[in-house]
Amino acid sequence: MPKTLYDKLWEEHHICELDSGESLIYIDRHFLHEVTSPQAFEGLDQKNLVPWRLGANIATPDHNVPTSRGDSFNTDNILDEISKIQVVELDKNCNKFGIKQFDIKSSNQGIVHVIGPELGYTIPGMTIVCGDSHTSTHGAFGCLAMGIGTSEVEHVLATQTLKISKLKNMQVIFDGKPKAGVSSKDIVLFMIKKIGTAGGNGHAIEFTGSYIDSISMEARMTICNMAIEAGAKVGLVAPDETTFNYVREHSFLDKDMLAEAVDYWKTLKSDEDAVYGKKVKIDVSDIKPQITWGTSPEMVIDFDEIIPSSKTPSKNSKNIELAKKYMGVEDNQKLSDLKFDKVFIGSCTNSRIEDLREAANVISGKTVSNDIIEAIVVPGSGAVKSEAESEGLDKIFTAAGFIWKDPGCSMCLGMNPDQLKPYERCASTSNRNFEGRQGNMGRTHLMSPAMAAHVAIHGKVGDLS
Amino acid sequence: MKQINPKLIYGVVATIDRDNIDTDQIIPTEYLKSIKKFGYEDYLFDGWRYLDKGKLGISSMEREKNKEFILNNSPYDSASVLLTRDNFGCGSSREHAVWALRDFGIRAVIASSFGDIFYNNCFKNGVLPITLSKNDVENLFQAFESSSSNIEIFLEKKLLKYNDSEIAFEVDNNLLERIIFGLDDVDITLRNKEAISAYEEKRMIEKPWIYKND
Ligand code: SF4
């Protein structure tokens, strides 16, 4: 029987079938952060257990950390007492159990999904889990990677396995060459608009097609990152030369072992006549920049389109009406009619070097509009930050009036000091526009780094071509 | 404390007529700062339930409530079942969403579909997610939006009864047993200790690069 990439990864990690009919799957890599791990460590302790394989675990604090830290910062300087407790708790647990952590003072600290690949902890063919739904990001390397809940974090720590049932296979084929000004973020938002936020439920989505073949690892990560916004726990791209080159550059494996591994990684692709339960074909050459107008990532339109009306009766009219009320938008308005208050460039979707380069390109030589109260750039990791600085990108941003920050989840979610105030409208490169996600009553519009940069300069969305 | 019958869920049904209710709505980020596994009841649906902005540690009693939100009104403030629409629990993997429902007293959620990670998390915390067809969900909405009668959910029979009607539902037996018997997954898995070790030893030889930095 021909197999898909997902089938192959599943079989490779399959330990045994359980009486329950579920399978025990071996976990190669486990990432931890401060928010979803404390209760798991507590559970481990109560059962008198220790981590099964210490070296599989890598931790870093990202969700709670302030992003204006400077050099002498340490946990004591976190002003929010409750945030501090979580970060300190991660320190304590990592020290107690002996888990490798890139702590708040480390030059490699960053968003967990950004540091994994760049420090060489994410390599093709692995099973990777983390108590965070955007673990799907690592699927860009041909890894079976998915988000898990806290009970499962404890389970993985204790047993190095996950007890799960197999997902169904889905294929999304992206063909064509995108127009100027259109990035992988636009393409994944377009896909979510097309298949809906439940379109991938119960499935592992494999992204294929000539467009995927042509793009960088950074762009593939952006797409796999948002597989979860389409309902799929798992997003996948088969590893190829682009992948191997990235891994070679970021790896701690020696040459011989790498060569041996690459030979194996080349087998990690779907067989030609593999069968998928669902298939979607998307021609990327007609896609315009995509922006969300509402409170669900499927509420997406072209940047120059009119916001959907709730007056046309449809099964969605109630959801549309609620979203419009929350977002403070009206019938017949265009996205380009809206005035923005804040700009956020960052998050595990769009805080890698390529994203910052794209934004800097738009900003270079210009200044942030007077209408914008605050525009921030938050590199995804210490490594991204120093690379950007060595290229002079920080200068471009700060000269324009942006604030250049330290790594963390920042304004992707309202857990650290970077938050929206009620009713503020934000151009954001993150992945979720849920109510209150960036701060109580805040209004989020998801878009690409280039479009967010455009908003910073003009106060509004507009044409990038 | 109320004695809980693990095979029967009985009580008031609260309805929320919305698709795509994400885990950020079920419990906003602010409350994920707790390092405890219990005590989330006051923060369930925080953004919809209160008019003021809350903070971890501030109790429901001190907050300004949104009178229009169903869980603030009797008898729904003691609901044990939640009825909603499509793709409930999509978004973030936070198990806190299930803890908040559980701590509030919700023992079952009925919807036409669920987010995958949320669905999985439910069974680890004694909350039963019930997937029904859109038609059945619509019928339930009509029944429970107009009256506050009780529902009975028989776990072993996979059957729910209300007024004079009944609906059978599907759920994996093993997942169901986890709720009925409150089984702990770690203990069960560790019965396969040898199989895990054997797999691991073999993998270390065949795919040494995985272990290179251990
Ligand atoms: S950047 Fe946002 S989506 Fe990514 S891990 Fe952090 S909070 Fe989650």
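Now for a look at the structure at hand. (Residues numbered from 1 in each chain as written. Chains lettered and ligands numbered in written order. Predicted model: local features only at pLDDT ≥ 70, side-chain atom pairs only at ≥ 80, totals over all residues. Heavy atoms only, no water.)

1. Things to note about the overall build of chain B
From N to C terminus, chain B includes eight helices and seven strands. Taking the principal axes of its C-alpha atoms as reference, chain B extends roughly 65 × 40 × 35 Å. Per-residue burial over chain B gives 59% buried out of 214 residues. Restricting the contact set of chain B to residue pairs at least 6 apart, pairs at least 24 apart contribute 63%. Accessible area for chain B stands at about 9,300 Å²; split by element, carbon and sulfur atoms hold 48% of it. Taken as two groups, the 28 positive and 35 negative side-chain charges of chain B have centres that lie 4 Å from each other. (Helix = DSSP H or I, 4+ residues; strand = E, 2+ residues; numbered from the N terminus. Buried < 20%, exposed > 50% of the residue type's maximum accessible area, 1.4 Å probe, protein only. Contact = heavy atoms within 4.5 Å. Areas by Shrake-Rupley, 256 points an atom, 1.4 Å probe, with all protein chains shown as cover. Lys, Arg positive; Asp, Glu negative; His and termini not counted. Charge placed at Lys NZ, Arg CZ, Asp CG, Glu CD.)

2. Describing the pairing of strand E18 (residues 425-428) of chain A
All names here are of chain A. Residues Arg425 and Ala427 point to one face of E18 and Cys426 and Ser428 to the other, with burial holding for every one of them. Both strand E15 (residues 342-345) and E18 contribute to a ladder of three bridges, which runs parallel. Across the sheet, lysine 342 pairs through a bridge with cysteine 426, a residue of E18. With four bridges joining them, E18 and strand E19 (residues 443-446) adopt parallel strand pairing. Residue arginine 425 lies in a different strand from E19, and its bridge partner there is arginine 443. (Pairing = 2+ DSSP bridges.)

3. Quick look at the site of the ligand
Every residue close to the ligand is listed here: His63(A), Ile111(A), His113(A), Asp132(A), His134(A), Ser347(A), Cys348(A), Cys409(A), Cys412(A), Leu413(A), Asn431(A) and Arg437(A). Across the shell around the ligand, the residue classes break down as five nonpolar, five polar and two charged. (Near = heavy atom within 4 Å. Nonpolar A, V, L, I, M, F, W, Y, C, P; charged D, E, K, R; others polar.)

4. Structural notes on the packing of aromatic side chains
The final tally for this structure, using the stated rule, is 24 aromatic pairs over all chains. Seen from their ring centres, Phe141(A) and Tyr246(A) are 5.3 Å apart, and the 65° between their planes marks the pair as edge-to-face. Of the two residues, Phe141(A) sits in the loop between strand E6 (127-130) and strand E7 (144-147) while Tyr246(A) sits in helix H9 (residues 241-250), which places them 105 residues apart along the sequence. Like Tyr246(A), Phe141(A) is buried. Note on Phe114(B) and Tyr119(B): the rings are 5.7 Å apart at their centroids and 50° apart in plane angle, and the pair reads as tilted. (Phe/Tyr/Trp six-rings, centres within 6.5 Å; stacked < 30°, edge-to-face > 60°.)

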